[in-house]
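Inside the fold
Each chain, letter by letter, is given below.
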Amino acid sequence: MASKNPPKRRAVRPAAKPSNKTRQSARARSAKSPSASSAPKTKLALVIAALSAPKGATLAQLMALTGWQAHSVRGALSGALKKQRGLAVDSCKTDGERVYRIGGGK
């Protein structure tokens, strides 16, 4: 036999509350000051730090530092540093290996 009443619609559940772990990590992030850590936080920041050194950095060193492949490192030098950030990335070949350095900016 068919029932006379149509089936009830499901109620929309309220959004889940963040867990204690999420709340604690949010508090920990807000408690840290931006200058508390002097270490670069991104791979691109690591590349900039390596290129800012007086000796500069080779392609192999940048690959080891970031874990990127050679074409990705060269793309980051050209795109993210030169075009987007306006940094002057100089390169010279010494002892058969190309060394990259950051020169003057904009």
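Concerning helix α2 (residues 43-52)
- Taken as a whole, α2 has its buried residues at Leu44, Val47, Ile48, Ala50 and Leu51. The arc that holds the buried residues of α2, viewed along the axis, is 165°, so those residues lie on one side.
- Residues of α2 that are buried sit in contact with β1 (57-58), α3 (59-66), α4 (70-84) and β3 (97-102).

Here we look at the environment of Lys55
- Looking at the secondary structure, you find Lys55 in the loop between α2 and β1.
- Spatially, the C-alpha atom of Lys55 lies 8.6 Å from that of Tyr100, the residues being 45 residues apart in sequence.
- Ignoring anything within four residues of it in the chain, the contact list for Lys55 reads Val99 and Arg101.

Definitions and cut-offs
- Residue numbers restart at each chain and count upward from 1, following the sequence in its written direction.
- With pLDDT at 70 or above as the cut-off, local features in this predicted model cover only qualifying residues; side-chain atom pairs require 80 or more to be listed or tallied, and sums for whole chains, interfaces and linings still use all residues.
- By convention in this description, side-chain values take in all heavy atoms of the structure and omit both hydrogens and water.
- The buried label goes to any residue with under 20% of its type's maximum accessible area, the exposed label to any with over 50%, and the partly exposed label to all in between, with areas taken from a 1.4 Å probe on protein chains only.
- In DSSP terms, a helix is any run of H or I states spanning at least four residues, a strand is any run of E spanning at least two, and both are numbered starting from the N terminus.
- Each C-beta atom gives one direction from the helix axis, and the arc is the one those directions make.
- The contact definition used throughout considers only heavy atoms, calling two residues in contact when any of these lie within 4.5 Å.

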